[in-house]
Amino acid sequence: MSERGIPGRTRWVRGAGKASILLALSAFVPAAGAAPAHTVPDTLEQRLQACVVCHGEEGRATPDGYLPRIAGKPAGYLYEQLRNFREGRRRNATMSRLLANLSDTYLHEIAGYFASLDLPYAPPQQVGASRASIGDGEALVRRGDPSRELPACAACHGETLTGVRPDVPGLLGLSRDYLVAQIGAWKNGLRHARAPDCMATIAQRLTPHDASAIANWLASQTVPADGRPASSFADEPPIECGSISTAEATPPTAPAPAPASASTSASASASANGSTIDRGAYLARLGNCRGCHTESGGAAFAGGRPIETPFGTVYGSNLTPDAETGIGGWSSDDFWNAMHEGRAKDGRLLYPAFPYPYFTFVTREDSDAIFAFLRSLPALRKPNRAHALRFPFNRQASLAVWRALSFEPARFVPDAQRPEQWNRGAYLVRGLGHCGACHSPRDFLGAALSSSELAGATLPAGEWYAPSLTDPTQAGVADWGANDVVALLKTGRTAHASTLGPMAEIVFDSLQHVSDADLHAIAGFLRSLPQDDVEAVASAPPDPAAMRRGRDLYDDRCASCHGDEGQGATGAIPPLAGNRALTMTSPTNLVRIILDGGFPPATDGNPRPYGMPPFAQFLGDEELAALATWVRNAWGNRASAVTPLDVLRHR
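Below: a short report on this structure. Note that the coordinates shown come from a computational prediction; the quantities given were computed from them, not determined experimentally. (Residues numbered from 1 in each chain as written. Predicted model: local features only at pLDDT ≥ 70, side-chain atom pairs only at ≥ 80, totals over all residues. Heavy atoms only, no water.)

It is worth spelling out the overall build of the protein chain at this point. A tally of regular secondary structure across the protein chain gives 27 helices and nine strands. Burial analysis of the protein chain (651 residues in total) assigns 54% to the buried set. Of all intrachain contacts in the protein chain linking residues separated by at least 6 positions in sequence, the fraction that spans at least 24 positions is 72%. By element, 53% of the accessible surface of the protein chain is carried by carbon and sulfur atoms, the whole surface being about 27600 Å². (Helix = DSSP H or I, 4+ residues; strand = E, 2+ residues; numbered from the N terminus. Buried < 20%, exposed > 50% of the residue type's maximum accessible area, 1.4 Å probe, protein only. Contact = heavy atoms within 4.5 Å. Areas by Shrake-Rupley, 256 points an atom, 1.4 Å probe, with all protein chains shown as cover.)

The following block contains the structure:
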């Protein structure tokens with residue numbers, strides 16, 4: 001326990017789910033008489049159903065062609081684009097969410113699978129363009145325009161325009177709309193590649209007529225009988241391009257395992273060689289410091305990540321040892337004051353988006369180790385971005401009032417009546433892990449309520465609900481075995497549960513690297529939490545017409561993976577029958593998952609997870625509401641109906 005007992009009202013903002021321990025948990029409790037699980041093939045084709053729902057069967061492209069063909073593209077190119085989506089160089093919210101928690105190794109496998117597919121191409125598109133436009137397009141594709149420093153498309157994309165292995169894509173077999181959209185994305189800065197970004201340079205030199213003409217000609221051409229990419233360039237490419245020959249030829253090696261840790265003392269989490277820096281690196285990983293202090297696609301710990309709060313946007317700061325923009329001028333005392341007191345080196349009060357109301361419980365030894373690790377990083381000059389908070393929340397005086405009401409520095413004091421492992425778990429959950437930042441409800445000023453520690457809360461943007469860890473109908477794990485809890489935290493799934501959404505990010509970036517000893521400590525503490533005495537709340541029977549429509553949609557869209565009776569597939573697809581994530585009072589997480597789909601995190605224990613397809617593009621609000629209502633009330637599940645308005649709120 002702390003000197004003040006359970007941590008009081010703390011932290012008025014939450015870092016977009018960055019530091020949660022159990023969020024978007026698909027917690028399954030077997031229902032009596034549940035149907036036996038069915039099986040799905042253990043193949044990449046089955047695991048990648050999330051891709052082909054949009055990109056067409058086997059990646060052949062959708063009938064309208066706007067979502068492009070990926071079958072047969074060079075593996076290096078596909079891998080590079082998957083990384084670009086994951087790291088923000090290409091902007092597509094659906095793709096970014098799907099790929100956010102997949103490893104480089106798995107991206108290599110995905111790219112290799114689709115590159116290996118040698119499938120027939122559809123007939124060319126009838127574009128209805130003028131003869132002049134077609135002719136201008138052919139000239140630019142074949143010869144370029146030296147007067148404007150425009151190289152021929154064929155010089156890089158191959159004489160037959162079917163691409164060059166391993167990095168350059170073919171341009172034939174794509175729709176006119178897709179081609180125009182991509183040229184526009186390059187031109188307007190919505191799509192990027194590794195420097196030097198050759199396509200961005202070329203796109204700036206193209207006029208709207210050029211872009212239309214090129215797309216018209218390419219879309220109207222028949223793909224050669226042998227549409228596979230060439231094995232090499234006929235001549236050296238005429239322009240330097242960062243994305244060519246930069247994709248790794250082989251998958252990266254797996255990260256080294258995290259050091260063991262079991263004791264409540266700081267020395268318990270030391271690495272094998274006892275290095276303070278190594279111990280600090282482990283603790284920073286456990287606290288997921290990188291999550292909030294790394295911008296998408298940016299350098300680690302250099303700051304810039306936007307964190308949405310109910311009061312505006314806070315930006316993660318630069319934690320590298322740059323003297324001017326980072327913490328290069330800080331001492332270990334300065335860092336301790338930030339962690340323990342919530343004050344910067346210059347005395348400014350820090351906004352509690354930096355979770356010092358939880359870090360105040362971190363020991364001085366652990367704080368010094370984290371600081372030593374941060375000081376060992378390369379110094380990166382990146383000015384911190386000013387927060388965008390509304391008045392009066394952007395004033396130090398307002399923050400001082402909030403602190404007087406909601407924050408008091410404290411220290412962690414072990415409970416002498418509890419075993420050492422329990423105290424270690426309490427220290428990690430209530431301190432460095434700052435689980436309550438997401439899972440504890442807030443007062444009107446955004447401070448966590450000490451009377452409802454870990455009782456569940458909706459995240460600031462409203463996209464996800466962090467379920468209660470004290471409610472057996474939500475994410476309470478008092479009746480789980482310790483090994484099941486540890487498996488979920490470390491791998492992102494168990495035989496009966498999977499993590500999606502923000503929780504998948506926490507597992508991917510942080511928890512999979514935490515030692516088994518610390519995970520068992522966390523599990524022991526969570527399993528010991530008093531569970532609420534929850535009374536069943538009667539809800540009106542769902543509309544029979546909506547149930548029929550939902551059942552038909554389920555049979556058509558979902559049953560092949562989740563089973564006719566919602567029983568799931570052992571080791572692959574979580575069951576829906578008896579699944580607490582479906583029947584919580586709030587349908588937020590269920591609606592979010594159906595809209596966005598996603599993959600559980602790729603971890604050492606689950607390196608090639610099965611994907612859930614996104615249905616936002618294919619189901620209207622009424623359809624999705626009917627489907628959600630069906631799965632919340634089928635196979636013995638009982639919950640309130642989901643309305644089209646509920647779905648619209650999350651679009």
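Turning to the packing of aromatic side chains, a few remarks are in order. Within the structure shown, the criterion is met by 12 aromatic pairs. Taking 6.0 Å as the distance between ring centres and 80° as the angle between the ring planes, the aromatic pair formed by W630 and W635 counts as edge-to-face. Each member of the pair, W630 together with W635, is buried. Site record: aromatic cluster; members linked through ring pairs are F354, Y356, F359 and F407. Lying across the ring of Y121, R69 places its NZ or CZ 3.5 Å from the centre. A cation sits over an aromatic face here: R418 above W422, 4.5 Å from the ring centre. (Phe/Tyr/Trp six-rings, centres within 6.5 Å; stacked < 30°, edge-to-face > 60°. Lys NZ or Arg CZ within 6 Å of the ring centre and 35° of its normal.)

If you look at the biggest cluster of nonpolar residues, it comprises 64 residues, and the most contacted ones within it are I370, L374, L511 and L526. The leading source of residues in this core is helix α17 (residues 420-432), at six residues. Counting 31 residues, the second-largest nonpolar core is a separate cluster that includes L459, C558, F615 and W635. (Core = buried A, V, L, I, M, F, W, Y, C linked by side-chain atoms within 4.5 Å.)

Here D210 shows up in helix α10 (residues 208-219). In terms of polar contacts, D210 uses its side chain to reach the backbone amide nitrogen of T207, at 2.9 Å. Here D210 is in contact with L140, R148 and R205, once residues within four sequence places are set aside. (Polar contact = N/O pair within 3.5 Å; in protein donor to acceptor, adjacent residues only side chain to side chain.)

This part is about the side chain of D596. Along the polypeptide, D596 turns up in helix α25 (residues 588-596). Overall, D596 belongs to the buried group, its relative accessible area being 7%. There is a polar contact of 3.2 Å between the side chain of D596 and the side chain of R97. A distance of 2.7 Å separates the side chain of D596 from the side chain of R592, its partner in a polar contact. Discounting chain neighbours no more than four positions away, the residues touching D596 are R97, L98 and P614.

So, on to helix α21 (residues 516-528). With 13 residues, α21 should reach 18 Å at 1.5 Å per residue; the first-to-last C-alpha distance of 18 Å fits that figure. D518, L519, A521, I522, A523, F525 and L526 are the residues of α21 that are buried. (Expected span 1.5 Å × (residues − 1).)

Next up on the list: the state of the cysteines. Under the criterion given, the structure shown has one disulfide. Each disulfide pairs two cysteine sulfurs, and for C198 the partner residue is C241, the sulfurs being separated by 1.8 Å. Residue C198 is located in helix α9 (residues 198-204), and its partner C241 is located in the loop between α10 and α11 (276-286); the two are separated by 43 residues in the primary sequence. Looking at C435, it has no disulfide partner, and the nearest cysteine sulfur is the one in C438, 8.8 Å off. Assessed through its relative accessible area of 0%, C435 is described here as buried. (Disulfide = S-S within 2.5 Å.)

Moving on to the sheet that holds strand β4 (residues 312-315). Spatially, the three strands line up as an open sheet ordered β3-β4-β5, and their pairing is antiparallel. Both edges of this open sheet fall to β3 (306-309) and β5 (388-389), since each of them pairs with a single strand only. For β3 and β4, the ladder comprises four bridges, and the chain directions are antiparallel. Directly across from E308, in β4, lies its bridge partner T313. (Pairing = 2+ DSSP bridges.)

On to the packing of α25 against helix α26 (residues 621-633). Where α25 contacts α26, the two axes come as close as 11 Å, and the packing angle between them is 125°. As summarised for this structure, α25 and α26 are arranged oblique, according to the angle between their axes. Viewed along their axes, α25 and α26 form a crossing whose handedness is right-handed. Facing α25, whose interface residues are L590, V591, I594 and L595, α26 presents L624, L627, A628, V631 and R632. Of the residues that constitute the contact of α25 with α26, the class distribution is eight nonpolar, no polar and one charged. (Axes fitted to C-alpha atoms, helices over the stretch in contact; angles between N-to-C directions. Parallel < 35°, antiparallel > 145°, perpendicular 65-115°, else oblique. Left-handed = near helix turned anticlockwise from the far one by under 90°. Nonpolar A, V, L, I, M, F, W, Y, C, P; charged D, E, K, R; others polar.)

A few words on the pairing of β3. By the alternation rule, side chains of β3 split into I307 and T309, which are all buried, and P306 and E308, of which none is buried. In this structure, the hairpin formed by β3 and β4 is closed by a connection of two residues.

Each neighbour pair has its own omega, and for R165 with P166 the value is 5°, a cis peptide bond. Within the secondary structure, P166 is located in the loop between β1 (163-164) and β2 (168-169). Note the cis peptide between A195 and P196, where omega equals -5°. Its place among the elements puts P196 in the loop between α8 (176-187) and α9. Of note in this structure, E58 is not a glycine but carries a positive phi near 60°.

With that out of the way, let us pick up the pattern of salt bridges. All told, the structure shown has 30 salt bridges when counted by the stated rule. One salt bridge in this structure joins E80 and R194, with 2.6 Å as the shortest N-O distance. Here the residue E80 occupies a position in helix α3 (residues 75-87), and R194 occupies one in the loop between α8 and α9, the gap between them amounting to 114 residues. Take E80: its relative accessible area is 1%, and that puts it in the buried class. The class for R194 is partly exposed, based on a relative accessible area of 22%. Between R279 and D366 there is a salt bridge whose closest N-O contact spans 3.4 Å. Of this pair, R279 sits in helix α11 while D366 sits in helix α15 (residues 364-375); the two residues are 87 residues apart in sequence, bridging distant segments of the chain. Neither R279 nor D366 differs from the other in exposure class; each is buried. The network of salt bridges with shared partners includes R83, R86, E87, R89 and D104. (Salt bridge = Lys/Arg side-chain N within 4 Å of Asp/Glu carboxyl O.)

Moving on: helix α6 (residues 131-142). Helix length check: α6 (12 residues) gives 16 Å between terminal C-alpha atoms against 16 Å at 1.5 Å per residue, within 8%. Of the residues making up α6, those classed as buried are S133, G137, L140 and V141. Each buried residue of α6 lies within a common arc of 100° when the element is viewed along its axis, so the set occupies one face. Relative to its buried face, α6 has exposed residues pointing more than 90 degrees away, namely R131 and A132. Contacts made by the buried residues of α6 are with α7 (153-157) and α10. (Arc of directions from axis to C-beta.)

None of this, on its own, says anything about what the molecule does.
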